[in-house]
Amino acid sequence: MRSQRVDLSRTVIVSPIDGVVVDRQIEPGQTVAASLSAPVLFRIAQDLSKVQVKISVDEADIGQVREGQRVKFTVDAFPDDTYQGIVTQVRKQPVTEQNVVAYVVIAQADNPRGNLLPGMTANADIVLEQKSDVLKVPVAALRWQPAGSTPQPARGGPGFGPYGGGQRGQGGGQRGMMGTQRLIDQLDLSPGQQKAWAVIEADLRTQRAAASAAAGGDRGAMREAMRKLTQAAFSKLEPSLNPDQKQKLAVLRAALGQGGRGSGFAGGVVYVLRDDKPVPVPVRTGASDGAFTEIRGGLKAGDQVIIGGGPRAKMEVRSPFGAPTGGPAGGGGRTRF
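Residues numbered from 1 in each chain as written. Predicted model: local features only at pLDDT ≥ 70, side-chain atom pairs only at ≥ 80, totals over all residues. Heavy atoms only, no water.

## Looking at the environment of Ala287
Rules: By definition, any uninterrupted DSSP run of H or I lasting at least four residues is a helix, any uninterrupted run of E lasting at least two residues is a strand, and each is numbered from the N terminus. Categorising residues by exposure relies on relative accessible area from a 1.4 Å probe, with only protein chains included: less than 20% of the type maximum marks a residue as buried, more than 50% marks it as exposed, and the intermediate range marks it as partly exposed. Between two residues, a contact is recorded if the distance between any of their heavy atoms is within 4.5 Å.
Along the polypeptide, Ala287 turns up in strand β10 (residues 277-288). Judged by its relative accessible area of 26%, Ala287 is partly exposed. As a C-alpha pair, Ala287 and Val134 span 153 residues in sequence and 10.0 Å in three-dimensional space. Not counting chain neighbours up to four residues away, the residues in contact with Ala287 comprise Glu129, Phe292, Thr293 and Glu294.

## With respect to a nonpolar patch on the surface
Heads up, the rule is: Only residues whose relative accessible area exceeds 30% and that form no salt bridge enter a patch; like-charged residues are grouped when within 9 Å of one another, and nonpolar side chains (Val, Leu, Ile, Met, Phe, Trp, Tyr) when within 5 Å. Here the accessible surface of atoms and residues is derived via Shrake-Rupley with a 1.4 Å probe, and residues count as covered only by protein chains that are part of the display. Throughout this description, the term salt bridge denotes a Lys or Arg side-chain nitrogen within 4 Å of a carboxyl oxygen of Asp or Glu.
On the surface, a cluster of nonpolar side chains totalling about 310 Å² of accessible area is made up of Ile17, Val21, Phe42 and Ile44. Along the chain, the position of Val21 falls in strand β1 (residues 20-24).

## What about unusual backbone geometry?
With a phi close to 65 degrees, Asn99 is a non-glycine residue in the positive phi region. A positive phi angle, near 55 degrees, is found at Asp275, a position not held by glycine. With relative accessibility at 75%, the residue Asp275 sits in the exposed group.

## Re the side chain of Arg208
Here is the rule: This count recognises Lys and Arg as positive and Asp and Glu as negative, with His and chain-terminal groups excluded. Think of a polar contact as two N or O atoms within 3.5 Å of one another; within protein, one of them needs to be a possible hydrogen donor and the other a possible acceptor, and neighboring residues in sequence only count if both atoms come from side chains.
Tracing the backbone through its elements, the reader meets Arg208 in helix α3 (residues 191-215). One buried charged residue, Arg208, forms no salt bridge at all, with the nearest opposite charge on Glu201 at 8.4 Å. A polar contact of 3.0 Å, which involves the side chain of Arg208, links it to the side chain of Thr230.

## Some points on the environment of Ala60
In this fold, Ala60 is placed in the loop between β3 (50-58) and β4 (70-75). For Ala60, a relative accessible area of 62% translates into the label exposed. Sequence spacing of Ala60 and Val101 is 41 residues, and the spatial spacing of their C-alpha atoms is 9.0 Å.

## So, the nonpolar core
Condition: Throughout this description, the term nonpolar core refers to a set of buried Ala, Val, Leu, Ile, Met, Phe, Trp, Tyr and Cys residues connected via side-chain atoms within 4.5 Å.
Membership of the largest hydrophobic core comes to 19 residues, with the highest contact counts inside it found for Ile55, Val65, Val105 and Ile126. Listing elements by their share of this core, those giving two or more residues are β3, β4, β5 (78-97) and β6 (100-110). With 5 residues, the top contributor of residues to this core is β6. Excluding its chain neighbours within four sequence positions, the residues that come into contact with Val65 are Val57, Val87, Val90, Val105 and Ile126. With 13 residues, the next largest nonpolar core counts Ile184, Leu187, Leu189 and Leu249 among its residues.

## As for the packing of α3 against helix α4 (residues 219-237)
Angle between the axes and distance between the axes: these two values describe a pair of packed helices. Inclusion rule: Here the axes come from fitting lines to C-alpha atoms, over the contacting stretch only for helices, and the angles between their N-to-C directions go from 0 to 180 degrees. Here the angle decides the label: under 35 degrees means roughly parallel, over 145 means roughly antiparallel, 65 to 115 means roughly perpendicular, and every other value means oblique. Each crossing gets its hand from how the near helix is turned against the far one by less than a right angle, where anticlockwise is left-handed and clockwise is right-handed. Three classes are used: nonpolar for Ala, Val, Leu, Ile, Met, Phe, Trp, Tyr, Cys and Pro, charged for Asp, Glu, Lys and Arg, and polar for all others, with Gly counted as polar.
Relative to each other, α3 and α4 sit at 165 degrees, their axes nearing to 10 Å. The pairing of α3 with α4 is recorded here as roughly antiparallel in orientation. Here α3 runs over α4; the crossing is right-handed. Within the contact between the two elements, α3 uses Gln193, Trp197, Ile200, Asp203, Leu204, Gln207, Arg208, Ala211, Ser212 and Ala215 and α4 uses Met222, Ala225, Met226, Leu229, Thr230, Ala233, Phe234, Lys236 and Leu237. In the contact of α3 with α4, the residues fall into 12 nonpolar, 4 polar and 3 charged.

## Re the packing of aromatic side chains
Heads up, the rule is: Within 6.5 Å between ring centres, the rings of Phe, Tyr and Trp (the latter by its six-membered ring) count as paired, and their orientation is classed by plane angle as stacked under 30 degrees, edge-to-face over 60, tilted in between. When the NZ atom of lysine or the CZ atom of arginine is within 6 Å of a ring's centre and also within 35 degrees of its normal, the charge is said to sit over that ring.
Summed over all chains, the structure comprises 3 aromatic pairs. Both rings, one in Trp144 and one in Tyr271, keep their centres 5.5 Å apart while their planes meet at 80 degrees; by these two values the pair is edge-to-face. With a gap of 127 residues between them, Trp144 in the loop between β8 (136-138) and α2 (169-185) and Tyr271 in strand β9 (residues 266-274) connect regions that are remote in the sequence. In this structure, Trp144 and Tyr271 share a single accessibility class: buried. Taken together, a centroid distance of 6.4 Å and an interplanar angle of 20 degrees make the contact between Trp197 and Phe234 stacked. Of this pair, Trp197 sits in helix α3 while Phe234 sits in helix α4, and the two are 37 residues apart along the sequence. Judged by its relative accessible area of 0%, Phe234 is buried. A cation over a ring is seen here: Lys136 above Phe292, with NZ or CZ 4.5 Å from the ring centre.

Below you can see the structure in the form of structure tokens.
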């Protein structure tokens, strides 16, 4: 009789914590057998006044995420409500799905009204940087170019910018000279200007080789030395350029990130409306939220930047019989057969 009472007492299962049952995995009358691991009977949320948000962050962005940063998120059930949280954990274990690597970031948020329920999908933004009272322009202004203009080169990686210095050894210097030459090719130098640049370029190659050897493998020092040498070479060439070439050189240098790596600045070009004509203006850019970009130099408040419109670029349409006809890009031209 005593043993039966002991067995009966063991049939009572009590929750170890107070909370809310969010999942039941057992039915009344079902046999529960504990083997090597205890079976899951219920899932209990201890305190729904605070929730955790699991955020999947791409590997390209995870380096900017830190504990303590603010998180803003919404859920589909309450699209008009914005919730606030704090990053409490950046997990080191990668999650790979379809060859895409991401990392899990845990944020904690208050849920005083109990609106947020376990399992909801959140659309989260991690606030990396917050600034106030800064000059900004729409992102579209940094992308717009007038019809027929030469596309501006994007900022390259190490060894492909105007300075090079991102690669070790002679190979990095050669790639840097290739990047510099691509920039010079955009200027359409006259024969006399090309002769002047040939002398400057020969001297630049010698100085680059000496700077690379002096850096001793220090990539930061080598990059800075290459930047200064290239600036000096452009300054030597500038007096021989006409006004249009000087303006284009300034624009190209800005587009290639003349500020240099690690300075906290990036380069770009916007077109400002002056005398009813688009004029390219090199700018130094800062933080961006995807819609607007901070301008740290090159513009002043009130400048009219162009974000779209203007005539469409012309393209040549060639018939099967080799007769070219002109028409606007995207259609509208006529071809005679």
